[in-house]
Amino acid sequence: MTTTLTERLDVMRIREDFPVLKREVAPGVPLVYLDSTATSQKPLAVIRAMNDYYERSNANIHRGVHTLAEEATAQYEAAREKIAEFIGVRKSREVVFVRNTTEAINLVAFSWGRKFLQRGDRVLLTEMEHHSNLVPWQILAQEKEILLDFIPVTTDGLLDLEEFERLLNLKPKLVAVTQMSNVLGTINPVKKLTQRAHQVGAVVLVDGAQSVPHLPVNVQDLEIDFLAFSAHKMLGPTGIGVLFGREELLEAMPPFLGGGDMIKKVHLRSFSPNELPHKFEAGTPAIAEAIGFGAAIDYLKQVGMERVAAHEHDIISYALEALSEIEGLTLYGPSADQKGAVVSFTMRGVHPHDVSQILDSQGIAVRAGHHCAMPLHEKFGLPATTRASFYLYNTRQEVDQLVQGLAKVKKIFG
Amino acid sequence: MDDLYREIIIERYKEPLYRGVLEPHDISFEDENPLCGDHIRIDLRVDENSRVVEAAFSGHGCAISQASADLLLESIIGKTLDEVKQLSKQDVLELLGIELGPVRLKCALLPLKVIKAGVYGLGEASDSLVEE
Ligand SMILES: Cc1ncc(COP(=O)(O)O)c(C=O)c1O
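If you're wondering where the values come from, they're calculated on a predicted model, not measured in any experiment.

Describing the overall build of chain B
A count of helices and strands for chain B gives five helices and three strands. Starting at the N terminus and walking to the C terminus, you meet the elements of chain B as α-β-β-β-α-α-α-α. Projecting the C-alpha coordinates of chain B onto the three principal axes gives extents of approximately 45 × 30 × 25 Å. Relative to its full complement of 132 residues, chain B shows a buried share of 51%. Counted over contacts in chain B with a minimum sequence separation of 6, partners at least 24 positions apart contribute 59%.

Below is the structure:
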């Protein structure tokens, strides 16, 4: 089924596909799930695909010549093909299965970073990165004495692009940025960043953990060198994610983990690595999860990413408007036109933990804390925020419920 | 669930009796909950018999952690340091009068963890101080 943008996403029909959305968190209290930025819910199609694999085709992949092994291998590799197509990759050998975004970034830091970065080289990051795009570089910085620079975040929650230009003069070897902030929702101008970074000879890694689930992302169009993302944030299972890397880069990189599957030949004292992408997939991978990921991609493709993005834009615009009317609430991040469907806020006099606890008593699942972005919270002088995030299955009515829930928080803390 | 926000908790959160710092003090310790960034410092003064005579807490956190700190300090005034060392998770839950899931339990127990680390004179607070 192909779709056109003129046709809106039918959210009520989509909700039918997600069993968990029918549950109550306590008798008479239906779930309002506003925490998809942490992890998304899963449609029946994904759950079934994984079950089917276990019920019918479970076998270890590659090398086996029996029927089940052939089926399992075919399904695993088909998932890779689907993902490649989904992000505009021409050769599926550029798609490496990993556990999650975090592992993908660590793979690049460990393998590419250790080989190609020398003492005194610079890596350019931003102040809005998730810890998973900070700590691997900090570890490398300690080990190799490389230098880290940060594109500042403005008070509106946008990257300071003038400062970016200045930092480019320092000739970073790598620019590693998130495409969408998991706290502010800011959508960064990735194409502009990659083009400018390439002009100074830098390689660009994009943290796509939040962007790939919510926006159409095409690595060729955006000229991305490395892209990291996780299945669990895009309707798929936990335990599987992807590192996309341009072929020349991946070819030049040494293996990450050693073991079975990543080798071509092994002697007692030496080995030769396997071809891409297997060179980076040591050991038995998450087979069922890869197949589930493939089913999630099918689902998103069928809905259409343009429509997902348009629906979320509608919801976040509506939410920002409604929330900005609540007295005592402070919202962080840019306006709806520059962000995805994420809003972080604080309520005067009430700790974010207490906000989310009282919302939970009304079935509303939001998140409280620093959302794995402590430096960003420090920048705004906040120990923590409460975050509500939306996906293709959320409705305007759920935004209304959030608003009512916050009214109750105010009442309790009076 | 709403029982979590019993009157006493909201009251002690909004108008704590033991908020502040003691300078000088005999014992002071601070720590945070890395999951949520809650930060608590506790200062104690003790007399020659090792009885707590004054106590104060500072820092920031949710209603549960703040109320827990306030009620806990109230309860240890007059106790000897050896008695303070005996305090357990159960004592804190009784003071608060609520039941908590694993995440919020951390909030409730942070003050006790800080007090015990201070009283034992440890370099670092550890969760084992407040486990059963
Ligand atoms: C922007 C961003 N990067 C990275 C991650 C890490 O993802 P994962 O925990 O799946 O590795 C997240 C998820 O919280 C995220 O939001």
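Okay, back to it.
Quick word on the side chain of A:Ser92
Residue and element names in this part refer to chain A. On the secondary structure map, serine 92 appears in the loop between α3 (67–86) and β4 (95–98). Taking relative accessible area as the criterion, serine 92 reaches 17% and is therefore assigned buried. Only 3.3 Å separates the side chain of serine 92 from the side chain of glutamate 81, close enough to count as a polar contact. Not counting the four nearest positions on each side in its chain, serine 92 is found in contact with Arg80, Glu81, Ala84 and Pro277.

As for the site of the ligand
All names here are of chain A. Contacts to the ligand come from 13 residues, most closely from Thr102, Asp207, Gln210, Ser230 and Lys233. A distance of 2.5 Å is found between an oxygen atom of the ligand and a side-chain nitrogen or oxygen belonging to threonine 102. Take aspartate 207: an N or O atom from its side chain is 2.5 Å from a nitrogen atom of the ligand. Contact with the protein chains removes 88% of the 390 Å² of surface that the ligand exposes when unbound.

So, the domain arrangement of chain A
Residues and elements named next belong to chain A. Here chain A is described as being made up of domain 1 (11–30 + 305–413) and domain 2 (47–302). Averaged C-alpha coordinates put domain 1 and domain 2 at centres separated by 28 Å. Contacts between the two partners involve 33 residues from domain 1, matched on the other side by 34 residues from domain 2. Between glutamate 127 and lysine 379 there is a salt bridge, with its nearest N and O atoms 2.8 Å apart.

Describing the interface of chain B and chain A
Every contact between the two is made by 19 residues of chain B and, on the other side, 16 residues of chain A. Interface area, chain B with chain A, both sides summed: about 1,400 Å², of which 56% is carbon and sulfur. The interface formed by chain B and chain A includes nine residue pairs in polar contact (both at pLDDT 80 or more). Among the elements of the structure, α1 (7–14), α2 (63–76) and α5 (102–120) of chain B are those that each provide at least two residues to the side of chain B that touches chain A. The leading source of residues in the side of chain B that touches chain A is α1(B), at three residues. Residues belonging to the side of chain B that touches chain A are distributed by class as follows: twelve nonpolar, three polar and four charged.

Re the pattern of salt bridges
Residue and element names in this part refer to chain A. Under the counting rule described, the total for this entry stands at 33 salt bridges over all chains. Ionic pairing is found between glutamate 281 and arginine 80, a salt bridge with its closest N-O pair at 2.7 Å. Note that glutamate 281 is positioned in the loop between β12 (271–273) and α11 (287–303) and arginine 80 in helix α3, a separation of 201 residues in sequence. For glutamate 281, a relative accessible area of 4% corresponds to the buried category. Residue glutamate 85 pairs with lysine 301 through a salt bridge whose shortest N-O separation is 3.1 Å.

Structural notes on the sheet that holds strand β10 (residues 241–245) of chain A
All names here are of chain A. Across the sheet, which stays open at both edges, the seven strands sit in the order β4-β10-β9-β8-β7-β5-β6 with mixed pairing between neighbours. Of all strands in the sheet, those bounded by a partner on one side alone are β4 and β6 (147–151). Adjacent strand axes in the sheet meet at a mean angle of 20 degrees when their direction is disregarded. The pairing of strand β8 (residues 203–207) with strand β9 (residues 226–230) spans three bridges and is classified as parallel. Note that in β9 the partner of aspartate 207 across the bridge is alanine 228. Against the sheet, helix α5 (residues 135–144) engages β5 (122–126), β6, β7 (174–178) and β8, with an angle of about 150 degrees to β6.

A short note on the confidence of the model for chain B
Residues and elements named next belong to chain B. Across chain B, pLDDT averages 92, with 98% of residues at or above 70. Taking the mean pLDDT of every element in chain B, the minimum, 92, falls on α5 and the maximum, 97, on helix α3 (residues 81–85). Two numbers describe this predicted complex: its pTM, 0.93, and its ipTM, 0.85.

Section: the packing of aromatic side chains
Where two aromatic rings form a pair, the distance of their centres and the angle of their planes describe that pair. All names here are of chain A. Tallied over the entire structure, the rule returns twelve aromatic pairs over all chains. With a centroid separation of 5.2 Å and 55 degrees between ring planes, the pair formed by tyrosine 53 and tyrosine 54 is classed as tilted. Of the residues examined, tyrosine 53 reaches a relative accessible area of 2% and is grouped as buried. Each ring, one from tryptophan 112 and one from phenylalanine 226, has its centre 6.4 Å from the other, and the planes form 70 degrees; the classification is edge-to-face. Remark: phenylalanine 226 occurs in strand β9 and tryptophan 112 occurs in helix α4 (residues 101–116); sequence separation between them is 114 residues. Following the ring pairs from residue to residue traces out a cluster consisting of Phe18, Tyr299, Tyr391 and Tyr393.

What counts and how
- Per-chain numbering applies: the sequence of each chain, read as written, is numbered from 1 onward.
- The naming scheme follows written order: chains are lettered A onward, ligands numbered 1 onward.
- Local features in this predicted model are restricted to residues of pLDDT 70 or higher, and side-chain atom pairs are both shown and tallied only at a pLDDT of 80 or more, whereas totals for entire chains, interfaces and linings draw on every residue.
- Each side-chain value is derived from all of the structure's non-hydrogen atoms; neither hydrogens nor water enter the calculation.
- Secondary structure follows DSSP: runs of H or I at least 4 residues long count as helices, runs of E at least 2 residues long count as strands, and numbering of each begins at the N terminus.
- Buried, partly exposed and exposed residues are distinguished by accessible area as a fraction of the type maximum, computed with a 1.4 Å probe on protein chains only: under 20%, between the cut-offs, and over 50%, respectively.
- The contact definition used throughout considers only heavy atoms, calling two residues in contact when any of these lie within 4.5 Å.
- Polar contacts, as counted here, are pairs of nitrogen or oxygen atoms within 3.5 Å of one another; within protein the pair requires one atom able to donate a hydrogen and one able to accept it, and residues that are adjacent in sequence qualify only if both atoms are side-chain atoms.
- Whether a residue is near a molecule or strand is decided by its heavy atoms; if any one of them lies within 4 Å of it, the residue is near.
- Surface accessibility follows the Shrake-Rupley procedure with a 1.4 Å probe radius. Residue values consider only the protein chains on display as shielding.
- An automatic or database domain assignment provides the domain bounds reported here.
- Any Lys or Arg side-chain nitrogen found within 4 Å of a carboxyl oxygen on Asp or Glu counts as a salt bridge.
- Summed over both partners, the accessible area (1.4 Å probe) lost when two parts come together is defined as the buried area.
- Following the grouping adopted for this structure description, the nonpolar residues are Ala, Val, Leu, Ile, Met, Phe, Trp, Tyr, Cys and Pro, the charged ones are Asp, Glu, Lys and Arg, and the polar ones are all others, Gly among them.
- Being paired, for any two strands, means DSSP has found at least two bridges between them.
- Lines fitted to C-alpha atoms define the axes, with helix axes restricted to the stretch in contact, and inter-axis angles between N-to-C directions lie between 0 and 180 degrees.
- Residue-level confidence of the predictor is what pLDDT reports, using numbers from 0 through 100.
- Side-chain rings of Phe, Tyr and Trp, where Trp is taken by its six-membered ring, are said to pair if the distance between their centres is within 6.5 Å; with planes under 30 degrees apart they count as stacked, over 60 as edge-to-face, and otherwise as tilted.

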